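The residues making up each chain are set out below.
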Amino acid sequence: MYASMLLINEVEYTRNMTFAKQFTLPLLSGFMEFWNCFLVQDTTGILHDNTAGAADSCFEGGSCGDPVTSLSLIRRIATVQLKLSKELGVTPPEYVRNILEHLAPFATKSCTCLLYTSDA
């Protein structure tokens, strides 16, 4: 998914809609089709990334699901797919909107940080 950011950047900065239609939109559509099958819905309707224990989950190395990196890339790709689809006159699959509306929120954690002061 990181590599798709290069294609997104190409389209956002050059506005090359031929490139978008030929390369970027099909790639983004494939990623979202994958995530539509891979995300797991809980009893409240929230969609979760089912990769518990992934290296980037829960503050680098925790053992919970919903890695922030994956969630942020899914959100970015879905947002761009909807925008490009509209600009190119293509109807996106309904599950893309559903994923955006129901994707799990980013994990947050309070941090007590030490403040260093100097008496000098």
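Before reading further, recall that the structure is shown in the block above.
Draft legend 1. Up close: the overall build of the protein. When helices and strands are counted, the protein shows four helices and two strands. Helices and strands appear in the protein in the N-to-C order α-α-β-β-α-α. Relative to its full complement of 120 residues, the protein shows a buried share of 29%. Long-range contacts, defined as pairs at least 24 residues apart, comprise 58% of the intrachain contacts of the protein with a sequence gap of at least 6.

Draft legend 2. A look at unusual backbone geometry. Of note in this structure, Arg15 is not a glycine but carries a positive phi near 60°. Checked against the element boundaries, Arg15 lands in the loop between helix 1 (4-14) and helix 2 (17-38).

Draft legend 3. Quick look at helix 1. Looking only at helix 1, the buried set comprises Ser4, Met5, Ile8 and Val11. Taken end-on, helix 1 shows its buried residues confined to a sector of 125°, consistent with a single buried face. Every exposed residue of helix 1 that faces more than 90 degrees away from the buried side is listed here: Leu6 and Tyr13. Summarising the contacts, the buried residues of helix 1 are in contact with helix 2 and helix 3 (68-88). Residue Arg15 follows helix 1 closely and has a positive phi angle near 60°.

Draft legend 4. Here's a closer look at helix 3. The terminal C-alpha atoms of helix 3, which comprises 21 residues, lie 30 Å apart, in line with the 30 Å expected from a rise of 1.5 Å per residue. For helix 3, the complete set of buried residues consists of Ser70, Leu71, Leu73, Ile74, Ile77, Ala78, Val80, Gln81, Leu82, Leu84, Ser85 and Leu88. At the C-terminal side of helix 3, Gly89 shows a positive phi close to 70°.

Draft legend 5. The arrangement of the nonpolar core in detail. In this structure, Met32, Leu39, Ile74, Leu84 and Ile99 are the most contacted members of the largest nonpolar core, which totals 23 residues. At the level of elements, helix 1, helix 2, helix 3 and helix 4 (94-102) are the ones that each hand at least two residues to this core. With nine residues, the single largest contributor to this core is helix 3. Excluding its chain neighbours within four sequence positions, the residues that come into contact with Leu39 are Leu47, His48, Asp49, Ile74, Ile99 and Leu103.

Draft legend 6. Here's a closer look at the packing of aromatic side chains. The tally for this structure, following the rule as stated, stands at four aromatic pairs. Look at Phe19 and Phe23: their rings are 5.2 Å apart centre to centre, the planes differ by 45°, and that puts the pair in the tilted class. Here Phe19 and its partner Phe23 are both found in helix 2, four residues apart, which amounts to about one turn of the helix. Three or more aromatic residues joined by ring pairs form one cluster here, namely Phe34, Trp35 and Phe38. Sitting over the face of the ring of Phe106, Arg75 holds its NZ or CZ atom 5.8 Å from the ring centroid.

Draft legend 7. Main features of the side chain of Ser4. Mapped onto the secondary structure, Ser4 falls in helix 1. The class of Ser4 is buried, set by a relative accessible area of 1%. Residues contacting Ser4, with those up to four places away along its chain left out, are Leu27, Leu28, Phe31 and Ile77.

Basis of the calculations
Each residue is numbered by its place in its chain's sequence as written, counting from 1. Owing to the predicted nature of the model, reporting of local features is limited to residues with pLDDT of at least 70; listing and counting of side-chain atom pairs is limited to 80 or more, with chain, interface and lining totals taken over all residues. As a convention, hydrogens and water are excluded, and side-chain values are obtained from all of the structure's heavy atoms. What counts as a helix is a DSSP run of H or I of at least four residues, what counts as a strand is a run of E of at least two, and both are numbered from the N terminus. Only protein chains enter the accessibility calculation, which uses a 1.4 Å probe. A residue is then buried if its area is under 20% of the maximum for its type, exposed if over 50%, and partly exposed in between. Throughout, a residue-residue contact means that at least one pair of heavy atoms, one from each residue, lies within 4.5 Å. It is the directions from the helix axis to the C-beta atoms whose arc is reported. The span expected for a helix works out to 1.5 Å for each residue beyond the first. Here, the term nonpolar core denotes a set of buried Ala, Val, Leu, Ile, Met, Phe, Trp, Tyr and Cys residues that are joined through side-chain atoms within 4.5 Å. Pairs were defined over the aromatic rings of Phe, Tyr and Trp, the Trp ring being its six-membered one, requiring ring centres within 6.5 Å. Orientation was assigned from the angle between planes: stacked under 30 degrees, edge-to-face over 60, tilted for the rest. A ring has a charge above it when a Lys NZ or an Arg CZ is no more than 6 Å from the ring centre and no more than 35 degrees off the ring normal.

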